Amino acid sequence: MLFRSPAGTGVRTFIAHVFPVPGEDGTVRYLGRNLVDISERKCLEDEYARIADEFSGTLQAIPDLLFEVDEYGRYFHVRAARKDLLAAPEESLLGRTVGEVLPPDAAATSMAALRAAAANGSDYGRVIELDVNGVPHAFELSVAMKPGEPSAPRRFIVLSRDITARRRAETDLLRRSEELARRNEELERFNHAVVDRELKMVELKQTVNALSLELGRDAPHPSATVAVGASAPATAPPGAPA
């Protein structure tokens, strides 16, 4: 029996043990009661429950997938605010390994992350790709090893963050960058072609000018510079003094 009683220092919590007290003839004469003050323990239990509720609320607010697995990749706990992102229903994950649930490439990457976390305490940034309900997704793994007894199998907390939108944006940015680079190369080739054509036109005009001068005629392209080394007119133009 548990009850609370006001006291000078505040409300106290007691647990009561009620027991029969027999008489000389063996029949129950009255009930005895033994009170144990468990106020401190009850305060600790209430505080623990409050912290647990607060922590649970915090975990529920995390949009990422949260798993507890052992060093063999076996699932022990699953917490998912978005169950539609799970590779399989939550109840079918528990007790199974990542190798039994995930595709070979994703399972190999996950196990590599667990081995790295076992060696270094944590591991971050590895990415696995999965088809979830027929839709390609990318997940970034963050793994941390839990403290525990050295003789017990090691366990890990795995945070799996859906980065599909980010990967799509990165892929689109890369595609745009490659397209821009390709167009710049095309523009550079076009500019080279135009400049080369203009240079050839200037050379042609210079040649025509030089030939015209050699024939005693006016240069038809006065804006074109006479090529270096072009021959001077062999004879004076008509009308000039001999």
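Residues numbered from 1 in each chain as written. Predicted model: local features only at pLDDT ≥ 70, side-chain atom pairs only at ≥ 80, totals over all residues. Heavy atoms only, no water.

Novice: Looking at this structure, how should I read the environment of Ser 39?
Specialist: In this structure, Ser 39 sits in helix H1 (residues 39-61). The exposure class assigned to Ser 39 is buried, which follows from its relative accessible area of 5%. With 27 residues separating them along the chain, Ser 39 and Arg 12 place their C-alpha atoms 5.3 Å apart. Setting aside its immediate chain neighbours within four residues, Ser 39 contacts Arg 12 and Thr 13. (Helix = DSSP H or I, 4+ residues; strand = E, 2+ residues; numbered from the N terminus. Buried < 20%, exposed > 50% of the residue type's maximum accessible area, 1.4 Å probe, protein only. Contact = heavy atoms within 4.5 Å.)

Novice: Even after reading the chapter, I still don't get the nonpolar core, so can you show me in this structure?
Specialist: Side chains of a nonpolar character, in soluble globular proteins, are inclined to be buried together. Of all hydrophobic cores here, the largest spans 27 residues; its most connected members are Phe 67, Tyr 75, Leu 93 and Leu 102. Here the element with the most residues in this core is helix H4 (residues 104-120); it accounts for six residues. (Core = buried A, V, L, I, M, F, W, Y, C linked by side-chain atoms within 4.5 Å.)

Novice: What should I look at first to understand empty space enclosed by the protein in this one?
Specialist: In this approach a probe as big as a water molecule rolls over the atoms, and the regions it shows empty are the leftover space. Scanning all chains against the criterion turns up one cavity of 30 Å³ or more. Within this model, the largest cavity holds a volume of roughly 230 Å³. For the largest cavity, the lining is made up of 19 residues, of which Phe 67, Tyr 75, Leu 102, Ile 128 and Ser 160 are closest to its centre. Elements with a minimum of two residues in the lining of the largest cavity: strand S4 (65-70), H4, strand S6 (122-132), strand S7 (135-145) and strand S8 (155-162). (1 Å grid on protein atoms, 1.4 Å probe; cavity = no way out; pocket = protein on both sides within 12 Å on 5 of 7 lines; lining within 4 Å. Points joined across faces, edges and corners; volume = space filled by probe spheres on them.)

Novice: What am I meant to see in the sheet that holds S8 here?
Specialist: Within a sheet, each strand pairs with its neighbour through backbone hydrogen bonds, oriented either parallel or antiparallel. Strand order in the open sheet formed by five strands is S5-S4-S8-S7-S6, and the pairing between neighbours is antiparallel. The two strands at the open ends of the sheet, each matched to only one other strand, are strand S5 (75-80) and S6. The mean inter-strand angle of the sheet, taken between neighbouring strand axes irrespective of direction, is 25°. Note that S6 and S7 share 10 bridges and pair antiparallel. Bridging from a neighbouring strand, Glu 129 pairs with Ala 138 of S7. (Pairing = 2+ DSSP bridges. Axes fitted to C-alpha atoms, helices over the stretch in contact; angles between N-to-C directions.)

Novice: Is there a simple way to explain the layout of surface pockets in this structure?
Specialist: Quantified by volume, the second largest pocket comes out at close to 160 Å³. Taken together, the residues that form the lining of the second largest pocket break down as five nonpolar, one polar and four charged. (Nonpolar A, V, L, I, M, F, W, Y, C, P; charged D, E, K, R; others polar.)

Novice: Sorry if this is basic, but what is going on with the pattern of salt bridges here?
Specialist: Pairing between side chains of opposite charge can happen when their charged atoms approach one another. Under the defined criterion, the tally for this structure stands at 18 salt bridges. The salt bridge involving Asp 64 is made with Arg 161; its shortest N-O contact spans 3.1 Å. Residue Asp 64 is found in the loop between H1 and S4, and its partner Arg 161 is found in strand S8; the two are separated by 97 residues along the sequence. Looking at Asp 64, the relative accessible area reads 10%, which means it is buried. (Salt bridge = Lys/Arg side-chain N within 4 Å of Asp/Glu carboxyl O.)

Novice: Would you mind going over the packing of aromatic side chains with me for this structure?
Specialist: Any aromatic ring pair is given by two values, namely how distant the centres are and how the planes are angled relative to each other. Enumeration over the complete set of coordinates arrives at one aromatic pair. Between Phe 67 and Tyr 75, the ring centres sit 5.5 Å apart and the planes meet at 65°, which makes this aromatic pair edge-to-face. Judged on exposure class, the residue Phe 67 and its partner Tyr 75 are both buried. One Lys or Arg, Arg 155, reaches over the ring of Phe 76 and ends 3.6 Å from the middle of that ring. (Phe/Tyr/Trp six-rings, centres within 6.5 Å; stacked < 30°, edge-to-face > 60°. Lys NZ or Arg CZ within 6 Å of the ring centre and 35° of its normal.)

Novice: For this particular structure, what's the right way to read helix H5 (residues 164-214)?
Specialist: It helps to recall that an α-helix has 3.6 residues per turn; residues three or four apart then point in one direction. For H5, built from 51 residues, the straight-helix expectation of 75 Å at 1.5 Å per residue is met to within 8% by its first-to-last C-alpha distance of 74 Å. By the burial criterion, the buried members of H5 are Thr 164, Gln 206, Asn 209, Ala 210 and Ser 212. Considering only its buried residues, H5 is in contact with S7 and S8. In the segment just after H5, Gly 216 is the residue with positive phi, at about 80°. (Expected span 1.5 Å × (residues − 1).)

Novice: Mind showing me how you'd approach a nonpolar patch on the surface here?
Specialist: On the surface, a cluster of nonpolar side chains totalling about 290 Å² of accessible area is made up of Val 18, Val 28 and Leu 31. Its place among the elements puts Leu 31 in strand S3 (residues 28-37). (Patch = residues over 30% accessible without salt bridge, like charges linked within 9 Å, V, L, I, M, F, W, Y side chains within 5 Å. Areas by Shrake-Rupley, 256 points an atom, 1.4 Å probe, with all protein chains shown as cover.)

Novice: When you look at the side chain of Asp 70 in this model, what are you seeing that I'm missing?
Specialist: Mapping Asp 70 onto the fold places it in strand S4. As a buried residue without a salt bridge, Asp 70 has its nearest oppositely charged side chain in Arg 74, at a separation of 4.3 Å. At a separation of 2.9 Å, a polar atom in the side chain of Asp 70 contacts the main-chain amide nitrogen of Tyr 72. A distance of 2.8 Å separates the side chain of Asp 70 from the backbone nitrogen of Arg 74, its partner in a polar contact. With near-sequence residues (within four places) excluded, Asp 70 lies in contact with Phe 76, Leu 114, Arg 154, Arg 155 and Phe 156. (Lys, Arg positive; Asp, Glu negative; His and termini not counted. Polar contact = N/O pair within 3.5 Å; in protein donor to acceptor, adjacent residues only side chain to side chain.)

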